[in-house]
Amino acid sequence: SLLATDTSKDVRCAVLEVLAVSKRALPVVFERTYDEKDEVRREAYHWLMSRCEPRHLSISSRVALLSNGLRDRADKVRRQCTELLCESWLPSVGGDAVAFLKLLDVEGDVETAELVLKAALAHTEPRGTRATTAASELRDTLRRAVDLTASGADAAQRDADADEGFKLAAESAV
């Protein structure tokens, strides 16, 4: 495949632009999110945004894509990953953050869930404003998500986890 072997980033980007959705395409696109060139990684996230719903991927793939994309060294890749999250994947579950967090299995990776919520909050809040109402809603959402997905966990630990997630999100929103 040209996508995996061509040395030109322009060719790899062009292939991603026209690549059709298939079971064989998903792993190849997933691999391009680790490409050495920022432009190819950004294009891979754009492909996912325009052609792939979160339910098409395994939980581990969803978590890896968002975790890596939101932590990418290139700002344009982080922005594209945030767009994937906020403009494609969240709307695919009706904008319900709790339902989306269930798709990420927050019990298994609370750190990524917090990262996702912070990115979504930052994407929807105007820069430079205090997001106290949104932060309060985030706290409630995080608590509901933890309550819904962490069955059998100690309630005090769930509250501590939710409070920690709220503190981190509030700090990044200010």
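Residues numbered from 1 in each chain as written. Predicted model: local features only at pLDDT ≥ 70, side-chain atom pairs only at ≥ 80, totals over all residues. Heavy atoms only, no water.

Trainee: How should the overall build of the chain be read in this particular structure?
Mentor: When helices and strands are counted, the chain shows 10 helices and 0 strands. Reading the chain from its N end, one meets helices and strands in the order α-α-α-α-α-α-α-α-α-α. At a minimum sequence separation of 6, the contacts of the chain that also span at least 24 residues come to 64%. Of the accessible surface of the chain, which amounts to about 9200 Å², a share of 49% is contributed by carbon and sulfur atoms. (Helix = DSSP H or I, 4+ residues; strand = E, 2+ residues; numbered from the N terminus. Contact = heavy atoms within 4.5 Å. Areas by Shrake-Rupley, 256 points an atom, 1.4 Å probe, with all protein chains shown as cover.)

Trainee: Looking at this model, I keep getting lost on the nonpolar core. Mind explaining?
Mentor: One broad trend across soluble globular proteins is that nonpolar side chains are buried collectively. The biggest cluster of nonpolar side chains holds 39 residues, and the ones touching the most others in it are Leu48, Leu66, Leu85 and Phe100. When contributions to this core are tallied by element, the ones reaching two or more residues are helix 2 (9-18), helix 3 (25-32), helix 4 (38-51), helix 5 (59-70), helix 6 (75-89), helix 7 (97-104) and helix 8 (110-124). Once residues lying within four places of it in the same chain are set aside, the contact partners of leucine 85 are Leu66, Leu90, Pro91, Phe100, Val116, Ala119 and Ala120. (Core = buried A, V, L, I, M, F, W, Y, C linked by side-chain atoms within 4.5 Å. Buried < 20%, exposed > 50% of the residue type's maximum accessible area, 1.4 Å probe, protein only.)

Trainee: Would you explain the side chain of arginine 62 in this entry?
Mentor: Among the secondary structure elements, arginine 62 is positioned in helix 5. In terms of polar contacts, arginine 62 uses its side chain to reach the backbone carbonyl oxygen of proline 54, at 2.7 Å. What arginine 62 contacts, discounting residues up to four positions off in sequence, is Pro54, Arg55, Leu57, Trp89, Leu103 and Leu104. (Polar contact = N/O pair within 3.5 Å; in protein donor to acceptor, adjacent residues only side chain to side chain.)

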